Amino acid sequence: MKDYTNLTKEEYMNLYEQPLKELIDISHKITLDNFDNTVEACSIISAKTGECSENCKYCAQSKHNHAEIECHPLLEVETVKKAALSAKENGATRFCIVTSGRVPTGKDFDKILEMIKEVASIDGIHCCASLGLLSEEQVKKIKEAGVERFNHNINTSENYHKNICTTHNFQDRVNTVKMIQKYGMEACCGVIIGMGESREDRVDMALSLKELNPKTVPINFLNPIKGTPLEGYENKIDEEEILKTICIFRMILPKAMLRYAGGRTTRLSEYNQKIGIIAGINSLLVGNYLTTCGSKSEEDKQMLKELDLVMA
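Computed from a predicted structure; not experimentally measured.

Asks: So what about the packing of aromatic side chains? Which residues, and what values?
Replies: All chains considered together, the criterion is met by one aromatic pair. Relative to Tyr260, the ring of Phe221 has its centre 6.3 Å away and its plane inclined at 70°; by these criteria the two rings are edge-to-face. In this pair, Phe221 is assigned in strand β7 (residues 216-221) and Tyr260 in strand β8 (residues 257-260), connecting sequence segments 39 residues apart. With relative accessibility at 3%, the residue Phe221 sits in the buried group. Here the basic side chain of Lys236 rests over the ring of Tyr233, its NZ or CZ set 4.8 Å away from the ring centre.

Asks: I'd love a proper account of the pairing of β8, names of residues and values included.
Replies: Burial along β8 is two-sided: Met257 and Arg259 and Leu258 and Tyr260, pointing in opposite directions, are all buried. For β7 and β8, the ladder comprises four bridges, and the chain directions are parallel. Bridge pairing links Pro218 to Arg259 in β8. Read from β7 through helix α8 (residues 239-252) to β8, the crossover connection turns out right-handed. Pairing of β8 with strand β9 (residues 281-285), which is carried by three bridges, proceeds in the parallel orientation. Note that in β9 the partner of Tyr260 across the bridge is Leu284.

Asks: Explain the side chain of Ser46 to me, and be specific about the residues and the numbers.
Replies: Examined against the element boundaries, Ser46 turns out to sit in strand β1 (residues 38-48). On the accessibility criterion, Ser46 (9% relative accessible area) is buried. For Ser46, the side chain forms a polar contact with the side chain of Thr49, separated by 2.5 Å.

Asks: Outline the packing of helix α5 (residues 136-145) against helix α6 (residues 170-182), supporting the account with residue identities and numerical values.
Replies: For the pair α5 and α6, the least separation of the axes is 10 Å and the interaxial angle reads 45°. Our classification of the angle between α5 and α6 gives oblique. The crossing of α5 and α6 is right-handed. In contact with Glu136, Val139 and Ile142 of α5, α6 contributes Met179, Ile180 and Lys182.

Conventions and cut-offs
- Residues numbered from 1 in each chain as written.
- Predicted model: local features only at pLDDT ≥ 70, side-chain atom pairs only at ≥ 80, totals over all residues.
- Heavy atoms only, no water.
- Phe/Tyr/Trp six-rings, centres within 6.5 Å; stacked < 30°, edge-to-face > 60°.
- Helix = DSSP H or I, 4+ residues; strand = E, 2+ residues; numbered from the N terminus.
- Buried < 20%, exposed > 50% of the residue type's maximum accessible area, 1.4 Å probe, protein only.
- Lys NZ or Arg CZ within 6 Å of the ring centre and 35° of its normal.
- Pairing = 2+ DSSP bridges.
- Right-handed = clockwise from strand over helix to strand, strands pointing away.
- Polar contact = N/O pair within 3.5 Å; in protein donor to acceptor, adjacent residues only side chain to side chain.
- Axes fitted to C-alpha atoms, helices over the stretch in contact; angles between N-to-C directions.
- Parallel < 35°, antiparallel > 145°, perpendicular 65-115°, else oblique.
- Left-handed = near helix turned anticlockwise from the far one by under 90°.
- Contact = heavy atoms within 4.5 Å.

In short, shape yes, function no, at least from these values alone.
Following this line, the structure appears as structure tokens:
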């Protein structure tokens with residue numbers, strides 16, 4: 001079979017014109033060549049919600065937007081630990097502590113370090129975190145506290161980033177990912193599809209991720225939230241386009257775990273969620289997301305069982 005993992009940018013863009021079944025056949029084989037029948041399960045908690053200073057157009061938590069969400073300050077350490085234990089009971093092997101805002105400071109950061117230590121102490125749970133644009137000193141401290149994998153998405157292409165956010169730039173995100181890797185943590189770095197970007201932007205996203213070489217690539221599908229600038233973007237991408245994008249991401253990123261993240265239950269039918277897994281998705285964000293509802297653990301387990309896959 002032709003090596004689809006090292007094509008040119010133009011060749012990847014041209015693949016969008018090929019029949020979906022053909023792309024799925026290619027990406028499915030690449031997945032089988034690199035992975036077994038296990039699907040990683042990760043759960044998250046919004047440890048601090050809302051009042052974010054960044055102006056990301058998709059985000060309900062930005063104070064620049066007008067989404068009606070319930071904001072709360074940093075949760076108590078014990079609350080986070082209980083949530084991690086509950087996630088473990090529901091089949092998750094990873095638990096990610098997520099906070100809103102550009103970067104945690106002062107007492108909040110000290111409290112987050114305590115959260116990390118408590119979650120990391122749970123047998124059978126790997127501690128992850130998503131804490132914004134950390135300083136080098138903060139990166140060292142979360143590593144010491146027990147973070148194994150850090151999430152920091154590039155979100156979109158370098159070219160399209162200015163259309164989504166102007167309070168930080170694309171390079172700020174890339175630099176954070178590289179610093180995380182410098183200090184021995186795995187990078188979890190993904191994207192949001194359906195924000196009005198072009199096919200070229202999507203290929204550029206995947207090629208940027210290939211350079212960063214993250215362990216996990218969350219693929220989010222925009223869930224247009226009322227009160228955000230992208231609230232009317234329901235029809236910016238259809239299900240076939242989403243599936244073709246998953247296939248092309250798998251070709252460009254043959255060894256990365258591709259994770260279903262936000263939006264999959266609202267933007268893909270149950271049938272097409274399965275097709276996406278066949279095409280190359282081998283990690284799931286289970287349970288609820290930051291400000292929206294997600295999937296039920298038992299439903300995900302049943303879906304994987306029907307595909308002869310297991311949650312791990």
